[in-house]
Amino acid sequence: MKTSIIAIFLLSFALPLFADDHAKESPFLRTTIDLGTVVSDLDASVKFYTEAIGFKEVAAFHVPTDMAKDSGLTAGDTLDIKVLVLGEGDTATKLKLMQGIDSTEKSKNEFINSQHGFSYLTVFVKSTDDALAKLKKAGVEPIANGPVTLPENLDPSMALTIVRDPDGNFVELVGPKPTK
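Computed from a predicted model, the values in this text were never measured in an experiment. Per chain, residue numbering runs from 1 following the sequence as it is written. Where local features are concerned, this predicted model is filtered to residues with pLDDT of at least 70; where side-chain atom pairs are given and counted, the filter is 80 or more; whole-chain, interface and lining totals use all residues. Excluding hydrogens and water, the side-chain figures rest on all heavy atoms present in the structure.

## Some thoughts on the overall build of the chain
Then, in step 1: Each helix is a run of DSSP H or I of at least 4 residues and each strand a run of E of at least 2, with the numbering of both proceeding from the N terminus. Counting secondary structure elements, the chain contains three helices and eight strands.
Then, in step 2: Across the chain, helices and strands are ordered from the amino to the carboxyl terminus as β-α-β-α-β-β-β-α-β-β-β.
Then, in step 3: Throughout, exposure labels follow a simple rule: accessible area from a 1.4 Å probe, protein chains only, divided by the maximum for the residue type, with under 20% read as buried, over 50% as exposed, and the rest as partly exposed. Within the span of the chain, comprising 180 residues, buried residues form 37% of the whole.
Then, in step 4: Note on contacts: a residue pair is in contact if any heavy atoms of the two residues lie within 4.5 Å. Residue pairs at least 24 apart in sequence account for 59% of intrachain contacts in the chain once pairs closer than 6 positions are excluded.
Then, in step 5: Summed over all atoms, the accessible surface of the chain reaches about 10,600 Å², with 55% contributed by carbon and sulfur. Note on areas: these come from Shrake-Rupley sampling with a 1.4 Å probe, and a residue is covered only by the protein chains present in the view.

Spelled out as structure tokens, the structure:
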């Protein structure tokens, strides 16, 4: 899987940097993270995350060759990154998608523990029914027997639905048990 946390490389120069409320007592400027992932088909991934999951596309930015090479991000390839968000404002979750020259290998995740590295992302939804309807409209089916009720030690009023993005990465949707 060619997934990386591009946000860790702190290319936040492309987005405003503002401290959130928790950062005042923290060594971190922001206490939310951005997650970057290399995808095999940028358009298909943007479509999946916006139409099937509900992210909103807000920005794109370009990392020039010299910056990408000097920082160690690439061997000299430029990066064009699409930014999707859940929420609004400076502390919204950001998913940064990019397509690389050598990014043709899809995830080999059969299960979330099948390989090292980041294996899934979790999105908390207000309505599992609405999330399932959005997935169905986008032609995306839950895997296995989802949605499934969370166990007693977590929150049995909630359900877990797992889908795969176009590269095979897991996306968990956690929300109230479906009513239908």
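## Quick word on helix H1 (residues 42-53)
Then, in step 1: Expected helix span is given by 1.5 Å per residue-to-residue step, counting one fewer step than there are residues. A rise of 1.5 Å per residue sets the reference length of H1, with its 12 residues, at 16 Å; its end C-alpha atoms lie 16 Å apart and thus fit the reference within 8%.
Then, in step 2: The complete set of buried residues in H1 reads Leu42, Ser45, Val46, Phe48, Tyr49, Ala52 and Ile53.
Then, in step 3: Any pair of nitrogen or oxygen atoms within 3.5 Å is treated as a polar contact; in protein, a donor-acceptor pairing is required on top of that, and neighbouring residues in sequence qualify only through side-chain atoms on both sides. Two to three positions downstream of the cap, the backbone nitrogen of Asp43 sits 3.2 Å from a side-chain oxygen, assigning the N-cap of H1 to Asp41.
Then, in step 4: Trailing H1 by a residue or two, Gly54 shows a phi angle of about 115 degrees, which is positive.

## Some thoughts on the sheet that holds strand E7 (residues 158-164)
Strand pairing in a sheet relies on backbone hydrogen bonds. The paired strands run either parallel or antiparallel.
Then, in step 1: Read from one edge of the open sheet, four strands run E5-E8-E7-E6, paired in mixed fashion. What marks the edges here is a single partner per strand, and that holds for strand E5 (120-124) and strand E6 (148-149).
Then, in step 2: Pairing between two strands is assigned when DSSP locates at least 2 bridges connecting them. Pairing analysis gives two bridges linking E6 to E7, with the strands arranged antiparallel. Bridged to Thr149 within E7 is Ala159.

Any functional reading would require information that these geometric values do not contain.
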